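Reading the structure
In case you want the letters, here they are:
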Amino acid sequence: MSRMKFYCDDYRCIDCNGCVVACKEAHEIPVGVNRRRVITINEGIEGKQKSLSVACMHCSDAPCQKVCPTDCFYIRTDGIVLHDKDKCIGCGYCLYACPFGAPQFGHEGIFGVKGVMDKCTFCAGGPDETLSENEFEHYGQNRIAEGKIPMCASMCSTKALIAGDASEVDKIYEYRTAKRGDNTSLKPYGWEAYNNGK
Amino acid sequence: MESKTFWECNKAYILTALGLGVVGFVFVGFLMIMDWGYLIQYTMHALIGDTSGVLTAPASELEQMINAAFGPAYNTVAPEIIRASNERQEYIWYVFFAEIMIFVFLYIKNGRVTPTITRPNDTVQVLTSFQRAVIWLNIGMISILVLTGFNITWGLRSEGGDIPRILREFHELTGLAWIAVWLVFTVIAAKDMKGWRKNSTFRHFLPGSFKPSKRVIWFFYAAMGAALCFSGAMIITLHPSSLTHADVIQFRRVLLYLHFGASVLIMFFILDFVYASAVSVKGYLKGLWSGSYPREYLEQVAPDVLDDLKKAGRQ
């Protein structure tokens, strides 16, 4: 069974923020809410500057789903983690539980209190009727239903950000690392490397 | 004058410390999955102004990237938040059940004190309008905070939606307003302070003196209220944008946990106060509303209040 995943190649990301703008534009996201962001470290240090585009990683064992008191999250069969804004009470627990800082909260009302949660939907809409006005208003475009890949990945000029079925993403990752000369079987990467303290 | 033993003088403190010690030992030792070593070190860092949660310089580029993008040390506090928020839904009933059992035991043992009133019209004004306003504002706001707080905790039962969301927003706004009321009540109920000042200067202090059991309630109200006000206000105002997320998320996690813990403890002691005022003594609430009590009531139940009022020349 396919599982949809993002992968951002920090060797290729150039901190252009094209993905951020594309996402905001496509889904008409209000000011103050960013479903995607680009983080840069060692900015300006030659050879050491690295950037990474981050959004919801659509975890298989999503902590946001575990912590939500109203059980508003659900995981589709293709692994995309979505939530029901009609159920969300904006408590923010998902933000505390998320390892990636994906949940976003805008301010609303006369007192500017926190609104309901918004996050990356992998451009797959939400629980409302597919491709309906309601769905767009609440969750943005449903590009997956139209057979397209998420807007951020489609707009990435260096193809640092790729999205799609995990097995296909994995093949691209392996191809790129092999081409760079990295032996992935000997050199752990990502969480594995972090957890091993390497 | 009858001399009291150390045990008799300090029974309330010893039993409270013992009870909390046993419950704390079970919680910390067997139920919680918090990384205490990290939390202690983090608190030290936070006290000197570094709330980022990065306790040691990153050892690799990857760790540096994780710290910058997601915030450091996810496995230290966040899993505890997930555990606590889930288990609060399931097990917080047991806290109340245990407390109600304590009240049942006390009721069976001590019964209800019913003062004999033969002259109901001979009353003494005990509470000023200001004191009553603060007390009833406090009661009202705490009731709202408890109900709207449980609305979040037990969201699974309401299944969310607009009304629970509005109640959650109301919890935040009421909480902000309660900070002032908590502060004023903490000051006027600090009866031990009266010895330091003349009654005329501090006429807004509640009359009477603390018995140890009541002093414990006041202490927990003041301490846990401070924790709730601080953590609540910070959680509301420290609203991270997508770019400041990594800098504040660990601080917010710790604050939320503080909020969880303080809310359970303050609830325990507030319920204690409710039992002491509404159940154990007849006529207490009526006086709390009107501000005056029959003189015989005070002579039998609260002679210290009568003494205080005499000293202050208020009756």
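Further up the page is the structure itself.
The notes below deal with the structure included here. All values reported here derive from a predicted model rather than from experimental measurement.

Glancing now at the overall build of chain B. The number of helices and strands found in chain B is twelve helices and two strands. Starting at the N terminus, the α and β elements of chain B follow one another as α-α-α-α-β-α-α-α-α-α-α-β-α-α. In terms of overall dimensions, chain B has C-alpha extents of about 80 × 45 × 40 Å along its principal axes. Within the span of chain B, comprising 315 residues, buried residues form 43% of the whole.

With that settled, the discussion passes to the interface of chain B and chain A. Listed per partner, the contact involves 43 residues of chain B and 45 residues of chain A. Together chain B and chain A conceal approximately 3,900 Å² of surface at their shared face, both sides included; 64% is due to carbon and sulfur atoms. In terms of surface lost to chain A, no three residues of chain B exceed Met65(B), Phe70(B) and Ser242(B), which account for 17% of the buried area on that side. Seen at the junction of chain B and chain A, the total is two salt bridges. One salt bridge in this structure joins Glu61(B) and Lys50(A), with 2.5 Å as the shortest N-O distance. Within the residue set of the side of chain B that touches chain A, elements represented by two or more residues are helix 3 (61–69), helix 4 (74–110), helix 5 (129–153), helix 6 (155–158), helix 7 (162–188) and helix 9 (245–279) of chain B. Looking at which element gives the most residues to the side of chain B that touches chain A, the answer is helix 3 of chain B, with eight residues. Across the side of chain B that touches chain A, the residue classes tally to 21 nonpolar, twelve polar and ten charged.

One finds Phe6(A), Val54(A), Phe73(A), Ile80(A), Phe122(A), Leu161(A) and Phe70(B) to be the most contacted residues of the largest nonpolar core, which totals 45 residues. Beyond its immediate chain neighbours, meaning those up to four positions away, Phe122(A) contacts Met4(A), Lys5(A), Phe6(A), His58(A), Ile80(A), Ile144(A), Pro150(A), Ala163(A) and Gly164(A). In terms of nonpolar packing, the next biggest core, distinct from the first, is built from 36 residues, Trp182(B), Phe185(B), Phe220(B) and Leu288(B) among them.

Residue and element names in this part refer to chain A. As for its position among the elements, Phe-73 is in strand 4 (residues 73–75). You can call Phe-73 buried: its relative accessible area is 5%. Put simply, Phe-73 and Cys-94 are 21 residues apart on the chain and 9.8 Å apart in space, counted from C-alpha to C-alpha. Excluding anything up to four places from it in sequence, Phe-73 contacts Cys-64, Gln-65, Cys-68, Val-81, Leu-82, His-83, Cys-94, Met-117 and Lys-119.

Another aspect to go through is the packing of aromatic side chains. Inspection of every chain in the model, using the stated rule, returns 21 aromatic pairs over all chains. A centroid spacing of 5.2 Å and a plane angle of 70° characterise the contact between Tyr7(A) and Tyr173(A), whose relative ring orientation is edge-to-face. Here the residue Tyr7(A) occupies a position in strand 1 (residues 4–8), and Tyr173(A) occupies one in helix 6 (residues 166–180), the gap between them amounting to 166 residues. Here Tyr7(A) and Tyr173(A) have matching classes, each one buried. Connected via pairs of aromatic rings, a cluster forms that spans Trp93(B), Phe96(B), Phe150(B) and Trp154(B). Looking at Arg36(A), its charged tip hangs above the ring of Phe6(A), at a distance of 4.5 Å from the centre. The positively charged end of Lys114(A) is found above the aromatic ring belonging to Phe105(A), 5.1 Å away from the centroid.

As for its placement among the helices and strands, Gln65(A) is situated in helix 2 (residues 63–67). It is 9.1 Å that separates the C-alpha atoms of Gln65(A) and Ala97(A), two residues lying 32 residues apart in sequence.

Evaluated as defined, the whole model comprises seven cavities of 30 Å³ or more. By volume, the largest cavity amounts to about 700 Å³. If you go around the largest cavity, you meet 36 residues; those closest to its centre are Gly149(B), His171(B), Leu228(B), His259(B) and Ser263(B). Every element with two or more residues in the lining of the largest cavity is listed here: helix 3 (93–97) of chain A together with helix 4, helix 5, helix 7, helix 8 (212–237) and helix 9 of chain B. The element best represented in the lining of the largest cavity is helix 9 of chain B, accounting for eight residues. Broken down by class, the residue content of the lining of the largest cavity amounts to 25 nonpolar, seven polar and four charged.

This part is about the pattern of salt bridges. Note on pairing: side chains with opposite charge can pair once their charged atoms come close. Counting across every chain of the model gives 20 salt bridges over all chains. Salt-bridge contacts for Glu80(B) lead to Arg83(B); the nearest nitrogen and oxygen are separated by 2.7 Å. Separated by three residues within a single helix, Glu80(B) and Arg83(B) lie in helix 4, roughly one turn from each other. The class of Glu80(B) is buried, set by a relative accessible area of 0%. In this structure Arg83(B) comes out as buried when scored by relative accessible area, which is 11%. Through salt bridges with shared partners, one network takes in Lys114(A), Asp162(B), Arg165(B), Arg168(B), Glu169(B) and Glu172(B).

Let's shift gears to the side chain of Arg252(B). With respect to the element layout, Arg252(B) can be found in helix 9. Salt bridges are absent for the buried Arg252(B), whose nearest opposite-charge side chain, Glu172(B), sits at 7.7 Å. Side-chain polar atoms of Arg252(B) contact the backbone oxygen of Ile235(B), separated by 2.9 Å. Engagement of the side chain of Arg252(B) in a polar contact is seen with the backbone oxygen of Leu238(B), the distance being 2.3 Å. Setting aside residues up to four positions removed in sequence, Arg252(B) forms contacts with Leu95(A), Tyr96(A), Ile235(B), Leu238(B), His239(B) and Pro240(B).

This part covers helix 2 (residues 36–47) of chain B. Residue and element names in this part refer to chain B. The end-to-end C-alpha distance of helix 2 is 16 Å, a good match for the 16 Å that twelve residues give at a rise of 1.5 Å each. Tyr-38, Leu-39 and Tyr-42 are the residues of helix 2 that are buried. Taken down its axis, helix 2 places every buried residue within 95° of arc, on the same side. Counted as exposed and oriented over 90 degrees from the buried face of helix 2: Ile-40, Met-44 and Leu-47. Those residues of helix 2 that are buried are in contact with helix 4 and helix 9. At the N-terminal boundary of helix 2, the capping side chain belongs to Asp-35, with an oxygen 3.3 Å from the backbone nitrogen of Gly-37.

About the cut-offs
- Residues numbered from 1 in each chain as written.
- Chains lettered and ligands numbered in written order.
- Predicted model: local features only at pLDDT ≥ 70, side-chain atom pairs only at ≥ 80, totals over all residues.
- Heavy atoms only, no water.
- Helix = DSSP H or I, 4+ residues; strand = E, 2+ residues; numbered from the N terminus.
- Buried < 20%, exposed > 50% of the residue type's maximum accessible area, 1.4 Å probe, protein only.
- Contact = heavy atoms within 4.5 Å.
- Buried area = accessible area lost by both parts, 1.4 Å probe.
- Salt bridge = Lys/Arg side-chain N within 4 Å of Asp/Glu carboxyl O.
- Nonpolar A, V, L, I, M, F, W, Y, C, P; charged D, E, K, R; others polar.
- Core = buried A, V, L, I, M, F, W, Y, C linked by side-chain atoms within 4.5 Å.
- Phe/Tyr/Trp six-rings, centres within 6.5 Å; stacked < 30°, edge-to-face > 60°.
- Lys NZ or Arg CZ within 6 Å of the ring centre and 35° of its normal.
- 1 Å grid on protein atoms, 1.4 Å probe; cavity = no way out; pocket = protein on both sides within 12 Å on 5 of 7 lines; lining within 4 Å.
- Points joined across faces, edges and corners; volume = space filled by probe spheres on them.
- Lys, Arg positive; Asp, Glu negative; His and termini not counted.
- Polar contact = N/O pair within 3.5 Å; in protein donor to acceptor, adjacent residues only side chain to side chain.
- Expected span 1.5 Å × (residues − 1).
- Arc of directions from axis to C-beta.

Interpretation in functional terms is not warranted from these geometric data alone.
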